[in-house]
Amino acid sequence: MPCPLVGADYSTGVLPMFSSPCPHCFLGRYGWWPKYRAAKWLTLSCSECGRRACSHPLPLALLYIFYLADVVNFGYLYVLQKDPLYLLAMFLVWIVLDVISLRMPLAAMRSANNISKEERDKQ
Ligand SMILES: [Zn+2]
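Before going into details, it helps to say that this report is about the structure given with it. (Residues numbered from 1 in each chain as written. Predicted model: local features only at pLDDT ≥ 70, side-chain atom pairs only at ≥ 80, totals over all residues.)

**A few points about helix α2 (residues 57-81)**
Residues three or four positions apart in an α-helix share a direction because the helix packs 3.6 residues into each turn.
Here is step 1: Here α2 is 25 residues long and its end C-alpha atoms lie 35 Å apart, about the 36 Å a rise of 1.5 Å per residue gives.
Here is step 2: A positive backbone phi angle near 55° is found at lysine 82, which sits one or two residues after α2. (Helix = DSSP H or I, 4+ residues; strand = E, 2+ residues; numbered from the N terminus. Expected span 1.5 Å × (residues − 1).)

**Here's the deal with the environment of alanine 61**
Here is step 1: Relative to the helices and strands, alanine 61 resides in helix α2.
Here is step 2: Note on alanine 61: 11 C-beta atoms within 10 Å, which makes it exposed.
Here is step 3: Separated by 20 residues in sequence, alanine 61 and tryptophan 41 have C-alpha atoms that sit 9.7 Å apart. (Buried ≥ 20, exposed ≤ 12 C-beta atoms within 10 Å, placed from the backbone.)

**Brief notes about the sheet that holds strand β4 (residues 52-55)**
Here is step 1: What the 3 strands build is an open sheet, ordered β3-β4-β5; its pairing is antiparallel. On the outer flanks of this sheet lie β3 (44-45) and β5 (106-108), each paired with one strand and no other.
Here is step 2: Bridge count for β3 against β4 is 2 bridges, and the pairing is antiparallel. Looking across to β4, one finds that serine 45 is bridged to arginine 52. (Pairing = 2+ DSSP bridges.)

**A look at the nonpolar core**
Here is step 1: Listed in full, the 9 residues of the largest apolar core are Cys22, Tyr30, Ala38, Ala39, Leu44, Cys46, Ala53, Met104 and Leu106.
Here is step 2: Ignoring any residue separated from it by four or fewer positions in sequence, one finds cysteine 46 in contact with Cys22, His24, Cys25, Gly28, Arg51 and Ala53. (Core = buried A, V, L, I, M, F, W, Y, C linked by C-beta atoms within 7 Å. Contact = placed C-beta atoms within 7 Å.)

**Concerning the pairing of β4**
A regular strand places its side chains on the two faces of the sheet in alternate fashion.
Here is step 1: What sits between β3 and β4 in their antiparallel hairpin is a turn of 6 residues, with glycine 50 showing a positive phi close to 80°.
Here is step 2: Summarising the sheet, β4 and β5 pair through 3 bridges and their orientation is antiparallel. Bridging from a neighbouring strand, alanine 53 pairs with alanine 108 of β5.

**Regarding the environment of glutamate 48**
Here is step 1: With respect to the element layout, glutamate 48 can be found in the loop between β3 and β4.
Here is step 2: For the pair glutamate 48 and cysteine 22, spaced 26 residues apart in the sequence, the C-alpha separation amounts to 8.6 Å.

Here's what the structure looks like:
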């Protein structure tokens, strides 16, 4: 029975931790590498339906504020104090933010395959 929240069919198997179903068809699966690329503002293409998806832009923008704060804060502290522990802290926080970016929700994008029949007739 498909999950009402994400639409994935858990009766066929549990999703891996950083895997997500396609937001269009819920059949295609995106592994951790495509999700990592999507968190770098790249678009994904589903292998099942061919439609496009991306990381949801609003949580992704918030995450990039944390990336910026990480680099500015720890980078500035490193420049001021000359303590390499600040550089180490910056890279550790960066890795934590990268792991969080793998959990970003995917958003469905419109594409040529996704337009409604009325819009297709207008063109
Ligand atoms: Zn799909």
